[in-house]
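# Analysis of the macromolecular model
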Amino acid sequence: MDMEKIVNYCKNYGFIFPGSDIYGGLANTWDYGPLGVELKNNIKKVWWKRFVQESENSFGIDAGILMNPIVWQASGHVDSFTDPLIDCKECKARHRADHLIEGFTDEVIPDTMTDEEMVKYINDNKIPCPNCGKSNYTDIREFNLMFETSRGVVKDATSKVYLRPETAQGEFVNFLNVQRTMRAKIPFGIGQIGKAFRNEITPGNFIFRTIEFEQMEHQWFCKEGTDSDFYKTFKEKAWKFLLDLGIDENSIRFHDHDKLSHYAKEACDIEYNFPFGFSELWGTHNRTNYDLGRHQEYSKKSMEYLDPETNEKYVPYVVESSVGCDRLTLAILCNAYKEEQLENDTREVLKIHPYLAPYKVVVLPLVKKYHSDKAKEIYQKLSKHFMTSYDDSGSIGKRYRRADAIGTVFAVTIDDNTLNNNTVTIRDRDTMQQITLDIDEIINYVEERIKL
Ligand code: ATP
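Cut-offs used in this document
- Residues numbered from 1 in each chain as written.
- Predicted model: local features only at pLDDT ≥ 70, side-chain atom pairs only at ≥ 80, totals over all residues.
- Heavy atoms only, no water.
- Helix = DSSP H or I, 4+ residues; strand = E, 2+ residues; numbered from the N terminus.
- Buried < 20%, exposed > 50% of the residue type's maximum accessible area, 1.4 Å probe, protein only.
- Areas by Shrake-Rupley, 256 points an atom, 1.4 Å probe, with all protein chains shown as cover.
- Pairing = 2+ DSSP bridges.
- Axes fitted to C-alpha atoms, helices over the stretch in contact; angles between N-to-C directions.
- Core = buried A, V, L, I, M, F, W, Y, C linked by side-chain atoms within 4.5 Å.
- Domains from an automatic or database assignment.
- Contact = heavy atoms within 4.5 Å.
- Phe/Tyr/Trp six-rings, centres within 6.5 Å; stacked < 30°, edge-to-face > 60°.
- Buried area = accessible area lost by both parts, 1.4 Å probe.
- Salt bridge = Lys/Arg side-chain N within 4 Å of Asp/Glu carboxyl O.
- Polar contact = N/O pair within 3.5 Å; in protein donor to acceptor, adjacent residues only side chain to side chain.
- Nonpolar A, V, L, I, M, F, W, Y, C, P; charged D, E, K, R; others polar.

### What about the overall build of the chain?
- Check the secondary structure of the chain and you find 15 helices and 23 strands.
- Taken over the C-alpha atoms alone, the chain extends approximately 75 × 65 × 50 Å along its principal axes.
- Looking at the chain as a whole, 51% of its 452 residues are labelled buried.
- About 22,200 Å² of surface is accessible on the chain, with carbon and sulfur atoms providing 47% of the total.

Right, dumping it as structure tokens:
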């Protein structure tokens, strides 16, 4: 599977288009098309179901993208949300120093090196510029990834606001609100799905690293001493969730962090084997009581929780589970796209979990002239229950192939038997087997099979 194939597939079938395409695009921006938005909405729905709805003592929020700028001082983003930027003096291309080293060797881990050590390593080893092949670099500058904008009509220092670089701070600043209004007892969780923005030095690899993306984050507030057990639970929960979505177990691996942020006690990523190699998909972090402690310090509001049973007061620890919706979408597409060799033919098929499939059913009148009225009637009925499409052009074989290629789970064919006996044939995308059903049985049949 190569990346170009996935990008073209997404563009040609209506999953993902280059952003502002008719104006020549805007580098590294992408728009989700009719199928992409269905897939992404299904991913968000199932994440919400697993991490909010079915998680005991978890609640959802939807916080603003713009927050008081002090939030980003308290969180540490103003001072240290930076990447090590290094410029090629020859061709002026910009690189992340850590990525240059990672691409060159497995012998050292840039995460554990200072900027000075990275520069020395790059120069000593004459690491070539991926753009021009020469090795002549500037020093490293730490580049802040937050996008700034200003609010109001007068542009001065007080009007500066940031587009949030992560959703997590929305959970932290609403910790007290959620705890009080939900009468929540520790341990409890807050989940959120929303856009985040990062002025990445080297965006790329399609929707893997973009400057605007969506995160699905869940913060679990707990008592010190219980944090490590919950950290393990959330690591496993993320892993199991990926398997339940149909991700191949051989395509994912854990990567425990060697260098921890000063506040983190434990941290790991689940990496997915994308066409460009294993890369971060999902982070789980034991963040201690750093976040709430910092907000307490900067806001001067007590973030302490009063345990109603023991009367103990403490600032809770946080275990964070954080996954990019776009990266997960890419992993799911790479995992599901297949070119299958059949007896006399090949077919493109998106073997995606039925819950995630953009369309659950396609309705096909066998002969347009005779079967369309009945087919339309059935289409109307099914589309009240799930995403259904309708296709009456071309041979039935071609229509099956089109449906397979976009992952439509079932194809319902309307023929003379439908008119005479109220039965349809229903074909399964993966097995290509067909069975006969009464019209009244279709909804239950499909609903049973698309559950997750
Ligand atoms: P990376 O090391 O790849 O830059 P990160 O460690 O900075 O990622 P986090 O801050 O932990 O990422 O963000 C949580 C999740 O958000 C990541 O695991 C990833 O799935 C997603 N994510 C982060 N940055 C981007 C981006 N620029 N584009 C798309 N998704 C992103």
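### Thoughts on the sheet that holds strand β11 (residues 252-256)
- In space, the 7 strands of this open sheet follow the order β3-β9-β10-β16-β13-β12-β11, with mixed pairing throughout. Among the strands making up the open sheet, the edge pair consists of β3 (58-61) and β11. If you compare each strand with its neighbour and ignore which way they point, the axes differ by 25° on average.
- By the bridge criterion, 10 bridges tie strand β9 (residues 188-197) to strand β10 (residues 212-222) in an arrangement that is antiparallel.

### Some remarks on the nonpolar core
- Judged by nonpolar contacts, the single largest core of 74 residues is most densely connected at F15, W282 and L328.
- Top contributing element to this core by residue count: helix α11 (residues 325-336), with 8 residues.
- Split by domain, this core shows at least three residues from each of two domains, domain 1 (3-78 + 147-334) and domain 3 (350-449).
- Discounting residues that sit within four places of it in the chain, W282 has contacts with W47, F51, A238, F241, L242, C268, D269, I270, S321, S322 and V323.
- Among the nonpolar cores identified, the runner-up in size contains 18 residues, and I61, I186, I190 and Y314 belong to it.

### Some words on the packing of aromatic side chains
- Taken as a whole and assessed by the stated rule, the structure comprises 26 aromatic pairs.
- Ring centres of F175 and F188 lie 5.8 Å apart, and the angle between their planes is 5°; this geometry places the pair in the stacked category. One end of the pair, F175, is in helix α8 (residues 175-181); the other, F188, is in strand β9, and 13 residues separate them in sequence.
- In this structure F188 comes out as buried when scored by relative accessible area, which is 0%.

### Concerning the domain arrangement of the chain
- Under the domain assignment used here, the chain contains domain 1 (3-78 + 147-334), domain 2 (82-143) and domain 3 (350-449).
- Inter-centroid distance (C-alpha atoms) of domain 1 to domain 3 is 37 Å.
- Counting residues at the interface gives 15 residues for domain 1, matched by 12 residues for domain 3.
- Overall, the association of domain 1 and domain 3 removes approximately 1,200 Å² of surface from exposure, summing both partners, and the carbon and sulfur fraction of that is 73%.
- Contact with domain 3 buries surface across domain 1, with L35, E38 and N42 losing the most and accounting together for 35% of the total.
- Across the domain 1-domain 3 interface, the total number found is 0 salt bridges.
- At the boundary of domain 1 with domain 3, the tally comes to 3 residue pairs in polar contact (both at pLDDT 80 or more).
- When residues of the side of domain 1 that touches domain 3 are traced back to their parent elements, those giving at least two are α1 (3-13), α2 (34-53) and α11.
- Top element by residues in the side of domain 1 that touches domain 3 is α2. It accounts for 8 residues.
- Taken together, the residues that form the side of domain 1 that touches domain 3 break down as 10 nonpolar, 1 polar and 4 charged.

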